[in-house]
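# Close look at the chain arrangement
The primary structure of each chain is shown beneath.
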Amino acid sequence: MADDELMFSMEEVGSLKRSSGERVVRFGRDPSVDDDDDDFYICPITDDPVSPTKEICDYLKNIANNRQLSNSLPKNSFTYKATWKHAIEKARAMPDPWAEFHLEEVETEPCIRYRYNAITGDWVQDQVFIKMSSQPFGKGAMRECYRTKKLSNFSHSSNWKCASNYVAKRYMETVDRDVYFEDVRLQMEAKLWGEEYNRHRPPKQVDIMQMCVVEMASRPGKPLYHLEHYIEGQYIKYNSNSGFVRDDNIRLTPQAFSHFTFERSGHQLIVVDIQGVGDLYTDPQIHTEKGTDFGDGNLGVRGMALFFHSHLCNKICKSMGLTPFDVAPAESTQLDCTNKLLQSAKTMLRGCEEQCGSPRVRTTSFTHMSPHLSRLSETSSADENLSDAESVPCSPLSLGVSVDRSPLGWSFMNEMNEGDRNNTDHKASDSGGDSGYPSERRSEGDLAEHHDRLTEEKWSFFHSSRAHIHRPSCVAVEVERLNNLMLERKIGKSVLGKVHLAMVRYHEAGRFCEKDAPWDQKSALYHLERAAMCGELEAIVALGQCYLQLPHHILSELELEDSDENRKKGFRFLLQAAEAGDRPSMMLVARAFDTGINLPSDRTQDWEEAVQWYDCVLNMTDYDEGGEFDGMQDDPRYLLLAREAELFQMGGFNLTADPQRAGDLFTEAAEAAMEAMKGRLANQYYMKAEEAWSAMEE
């Protein structure tokens, strides 16, 4: 049987809900088994959660074996509807895992629920009723968890024994209220990347839990909690935001998903801290290139470096066209144990996986796109000639949707007075509660259909506009991309280069070695070279200084062989840095051509070149009021002008003597010395100017 016949599309889910009016559940594979068996599980995508049970798995397995849900089956057939309804009835009949705690006896509390739509960037609110236990049943490093039940807004009964199981989480330490909202935004953004990953048809699909903020309106201070569905099963942490990758009970999908987000976002972000039940994840973390949003857990490029230091590409990565991150030989050896474990993973490829960034991966067409989105598609198309920071935004929040970040200024779609709330609660939940994700879209009348169409257009634009932004993780491809850019656009424009530079800093700090053990200098140098290849100016300068035996602040303990070949290489790096606008490198290059010091054997002393580089330094505008170059106090402006004047006065080394120019430069040096309160030195320069002009008369 084809694998496609064993899966259920989100369109089928929506079709069933519209036709049957039943609660909607999602079908997938058994999260406790990472193999290619035909087992299934059920997880919630609405207010009605269901937990995996062997009975349901067996039931659906029999359905699949009997080909009752073949893709060829008409979506409006009686068998199709009956099968779904039968499965839902099975789900409803499952026992409540929290029955023994009798939460139905706890006091009912009204609260305001805030939900985030990552597609539109909107926040919506409504009122819900919950029952929460008084004592936490679990604690993490930062939050504690409470058993909670919530009545569905689609339900008209008050039977709390049938209410949905949720987990309410709150920070144990006092945090700003903004943190709760930012956490929800992070998780919903990560969920969007889960949808994107699934569109590439991986062996096992992933999903990220819906999470919202609830405000306990009846409690003093109106405290906030995070609220998400309770999922029964073994909770596993597969990787963390600080580089941890679980190396027992090895799983392929979580690591491949993180790697996918890095490449598919054009290196702008990576989703890590993957944890949950099977491939239903919760509490992820996003590292972004700037590292300024998504809370304190966003470690920026440092977090990306930590992931790739412990990540070894698996067969899912390879089947989806993801490229290995460049690691040093010693680092590769350390990952050998991981490679052996990867061989024991049971996930089977289907052969239908789409390559990351494949143009064949599409959503709906743009036939009915709104004028606003059409304009965006014209101005936001991906351009490989742009730098990472200038590329198409990786977040749907950048689609022109204005979102007020302040919790006091959320733009709510469902603002209503208290008198109307009870009468419209059901409808508000249906229209305002649409998560915006294609897999979880709800319909309720013409307004909801219009909203569905709008979000589908935005979803379509979001993916189609980024069809070519995919960037591999390997340096070779990144260098090829940068070679097509102008010099000034190459330097510092590669996130991949910044990630390799972060690897250097971690090595030097001893993060990747045992306590009191020497850090790996060869691996650090390897990553420094890769960072330089990607145009990271700090790495280019450090390599130039290191190869030329000059003091360097990056890898200051590293000493390389003082050979002619290394000196040639070092000078090329310094020259590259000087051409990129690094002022200290300009001075080093100028003095090398001037004095011959640090000049390699394949270069000759050249005063014409020296004058050009001195001019480059002098033409830079960042001088302080004293006439001295910022950060270059040993080389004030008047000294550089005086040295140029001396070179023109003497002539030689490919520079023609020019007394007139020498006199003018000495005069300019004298004026600069006067501004720096160096009167005696200024008088000397005026005298030298007279000498130069007198030589011209002779």
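Residues numbered from 1 in each chain as written. Predicted model: local features only at pLDDT ≥ 70, side-chain atom pairs only at ≥ 80, totals over all residues. Heavy atoms only, no water.

### A closer look at the overall build of the chain
In plain terms, the rule: Under the DSSP-based scheme used, a helix requires at least four consecutive residues in state H or I and a strand at least two consecutive residues in state E, with every element numbered from the N terminus. Each residue is assigned to one of three classes by its accessible area relative to the maximum for its type, calculated with a 1.4 Å probe on protein chains only: buried under 20%, partly exposed between the two thresholds, exposed over 50%. Note on definitions: a residue-residue contact is assigned when non-hydrogen atoms from the two residues lie within 4.5 Å. Note on areas: Shrake-Rupley, 1.4 Å probe, and residue coverage restricted to the protein chains presented here.
Per the secondary structure count, the chain includes 23 helices and 15 strands. Relative to its 698 residues, the chain shows a buried fraction of 55%. For the chain, the proportion of contacts with a sequence separation of at least 24, taken over those separated by at least 6, is 66%. Summing over all exposed atoms, the chain offers an accessible surface of approximately 31300 Å²; the carbon and sulfur share of this is 49%.

### Some words on helix H18 (residues 564-579)
Spelled out, the test is: Each helix should span, by expectation, one fewer than its residue count multiplied by 1.5 Å.
Taking 1.5 Å as the rise per residue, H18 with 16 residues should run 22 Å; its terminal C-alpha atoms sit 23 Å apart, in good agreement. Positive backbone phi, approximately 100°, marks Gly 581, located one or two places after H18.

### Thoughts on the sheet that holds strand E8 (residues 207-208)
Stated precisely, the cut-off is as follows: Note on pairing: DSSP must find at least two bridges between two strands before they are called paired.
The strand order across the open sheet built from four strands is E8-E14-E13-E11, with neighbouring strands paired in mixed fashion. Edge positions in the sheet fall to E8 and strand E11 (235-237), since each has one partner strand and no second. When E8 meets strand E14 (residues 280-281), the two strands line up parallel, connected through two bridges. Residue pairing in the sheet places Asp 207 in a bridge with Leu 280 of E14.

### A few points about the packing of aromatic side chains
Heads up, the condition is: Between 30 and 60 degrees the pair is tilted, below 30 it is stacked and above 60 it is edge-to-face, where a pair is any two Phe, Tyr or Trp rings, Trp via its six-membered ring, whose centres lie within 6.5 Å. Counting as a charge over the ring demands two things of the Lys NZ or Arg CZ atom: a distance within 6 Å of the ring centre and an angle within 35 degrees of the ring normal.
Using the criterion set out here, one finds 19 aromatic pairs in the structure. Summarising the aromatic geometry, the rings of Trp 607 and Phe 653 are spaced 5.1 Å apart at their centres and angled 55° between planes, so their arrangement reads as tilted. Note that Trp 607 is positioned in helix H20 (residues 607-618) and Phe 653 in the loop between helix H21 (637-650) and helix H22 (659-675), a separation of 46 residues in sequence. Put simply, the rings of Tyr 197, Tyr 238, Phe 257, Phe 260 and Tyr 281 touch in pairs and so form one group of aromatic residues. Here the basic side chain of Lys 131 rests over the ring of Trp 160, its NZ or CZ set 4.9 Å away from the ring centre. The aromatic ring of Phe 101 is capped on one face by Arg 147, whose charged end is 3.6 Å from the ring centroid.

### Concerning the confidence of the model for the chain
Convention followed: Each residue gets a pLDDT score, which is the predictor's confidence in that residue and runs from 0 to 100.
Of the residues in the chain, 65% reach a pLDDT of 70 or more, and the chain-wide mean stands at 75. Here residues 1-57 scores under 50 on pLDDT; set against residues more than four positions off or in separate chains, the count is 152 contacts. Residue range residues 623-632 is modelled with pLDDT below 50. Its contacts to residues more than four positions away, or to other chains, number 20 contacts.

### Comments concerning the nonpolar core
Soluble, globular proteins show a tendency: their nonpolar side chains are buried together. The condition that has to hold: Among buried residues, those of type Ala, Val, Leu, Ile, Met, Phe, Trp, Tyr and Cys that are joined through side-chain atoms within 4.5 Å constitute a nonpolar core.
Judged by nonpolar contacts, the single largest core of 41 residues is most densely connected at Val 589, Phe 593, Trp 613, Tyr 614, Leu 647 and Tyr 685. When contributions to this core are tallied by element, the ones reaching two or more residues are H18, helix H19 (583-595), H20, H21, H22 and helix H23 (679-697). Those residues in contact with Tyr 614 that sit more than four places away from it in its chain are Met 587, Ala 590, Arg 591, Asp 594, Leu 640, Arg 643, Glu 644 and Leu 647. Ala 190, Ile 208, Tyr 238 and Tyr 281 belong to the second-largest nonpolar core, a separate cluster that totals 24 residues.

### A look at the pairing of strand E7 (residues 164-171)
Of all eight residues in E7, seven are buried, a share of seventy percent or more. Two elements, strand E6 (residues 143-150) and E7, share eight bridges in a ladder whose sense is antiparallel. The residue of E7 that forms the bridge with Lys 149 is Asn 165. Summarising the sheet, E7 and strand E10 (residues 224-229) pair through four bridges and their orientation is antiparallel.

### Topic: the pattern of salt bridges
Note the cut-off: What counts as a salt bridge is simple: a side-chain nitrogen of Lys or Arg found within 4 Å of a carboxyl oxygen of Asp or Glu.
Tallied over the full model, the rule gives 25 salt bridges. Ionic pairing is found between Glu 144 and Arg 170, a salt bridge with its closest N-O pair at 2.8 Å. Taken together, the positions of Glu 144 in strand E6 and Arg 170 in strand E7 put the pair 26 residues apart, joining distant regions of the chain. Taking the relative accessible area as the measure of exposure, Glu 144 reaches 8% and is therefore buried. With relative accessibility at 30%, the residue Arg 170 sits in the partly exposed group. Between Asp 562 and Arg 567 there is a salt bridge, and its shortest N-O distance comes to 2.9 Å. Overlapping salt bridges bring together Arg 143, Lys 169, Glu 228 and Asp 283 as one network.

### Section: the side chain of Asn 314
Rules: In the analysis that follows, any N or O atom pair within 3.5 Å is treated as a polar contact, provided that within protein one partner can donate a hydrogen and the other can accept it, and provided that, for residues neighboring in sequence, both atoms belong to side chains.
Positionally, Asn 314 belongs in the loop between helix H6 (300-310) and helix H7 (315-319). Residue classification places Asn 314 among the buried positions, given a relative accessible area of 3%. Here the side chain of Asn 314 touches Leu 252 through a polar contact of 3.1 Å, landing on its backbone oxygen.

### What to know about the pairing of strand E9 (residues 211-215)
Judged by how many residues are buried, E9 sits mostly within the fold: five of five residues are covered. Neither face of E9 is left uncovered, since the one carrying Met 211, Val 213 and Glu 215 and the one carrying Cys 212 and Val 214 both have all their residues buried. Strand direction decides the pairing type here: strand E3 (residues 109-117) and E9, joined by three bridges, are antiparallel. Opposite Arg 113, over in E9, you have Val 214 as the bridge partner. The sheet contact formed by E9 and E10 spans five bridges and is antiparallel. If you follow Val 213 over to E10, its bridge partner there is His 226.

### Observations concerning helix H4 (residues 177-198)
Across its 22 residues, H4 extends 33 Å between first and last C-alpha, which sits within 8% of the 32 Å expected from 1.5 Å per residue. Within H4, 18 of the 22 residues are buried, leaving the element largely enclosed by the surrounding structure. You can read the cap of H4 off the contacts: a side-chain oxygen lies 2.8 Å from the backbone nitrogen of Asp 178, and it is on Asp 176.

### A few points about the side chain of His 500
Among the secondary structure elements, His 500 is positioned in helix H15 (residues 495-508). When near neighbours in sequence (up to four residues on either side) are disregarded, His 500 contacts Phe 325, Asp 326, Val 475, His 527, Arg 530 and Ala 531.

### Quick look at unusual backbone geometry
In the Ramachandran plot, Arg 201 falls in the positive-phi region, its phi being about 55° despite a non-glycine side chain. Turning to its location among the elements, Arg 201 is positioned in the loop between H4 and E8. Taking the relative accessible area as the measure of exposure, Arg 201 reaches 33% and is therefore partly exposed. A positive phi angle is found at Lys 222, which is not glycine, with a value near 45°. Topologically, Lys 222 is positioned in the loop between E9 and E10.

### Some remarks on the environment of Leu 224
Of note, Leu 224 is situated in strand E10. According to the relative accessible area criterion, Leu 224 is buried, its value standing at 6%. Separated by 111 residues in the primary sequence, Leu 224 and Arg 113 have C-alpha atoms spaced 9.7 Å apart. Among residues more than four places away in sequence, those in contact with Leu 224 are Arg 170, Arg 177, Tyr 180, Phe 181, Val 213, Val 214 and Glu 215.

### Focus: the packing of H15 against helix H16 (residues 521-533)
Selection criterion: Between N-to-C directions, angles cover 0 to 180 degrees, with each direction set by a line fitted to C-alpha atoms, over the stretch in contact for helices. Angle categories: roughly parallel below 35 degrees, roughly antiparallel above 145, roughly perpendicular from 65 to 115, and oblique for all the rest. Each crossing is labelled by how the near helix is turned from the far one, with a counterclockwise turn of less than a right angle marking it left-handed and a clockwise turn marking it right-handed. The classification used treats Ala, Val, Leu, Ile, Met, Phe, Trp, Tyr, Cys and Pro as nonpolar, Asp, Glu, Lys and Arg as charged, and all other residues, Gly among them, as polar.
Relative to each other, H15 and H16 sit at 160°, their axes nearing to 8 Å. Of the possible angle classes, the one that applies to H15 and H16 is roughly antiparallel. Handedness of the H15/H16 crossing: left-handed. From H15, Gly 497, His 500, Leu 501, Met 503, Val 504 and His 507 reach across to H16, where they touch Ser 523, Ala 524, His 527, Leu 528, Arg 530 and Ala 531. Here the residues of the contact of H15 with H16 sort into six nonpolar, five polar and one charged.

### A word on the packing of H19 against H20
Orientation of H19 relative to H20, taken along the N-to-C sense of each, is 155°, at an axis distance of 8 Å. Between H19 and H20, the angle falls in the class roughly antiparallel. Judged by the sense of rotation from one axis to the other, the crossing of H19 with H20 is left-handed. Residues Arg 583, Met 586, Met 587, Val 589, Ala 590, Arg 591, Phe 593 and Asp 594 of H19 pack against Trp 607, Glu 609, Ala 610, Trp 613, Tyr 614, Cys 616 and Val 617 of H20.

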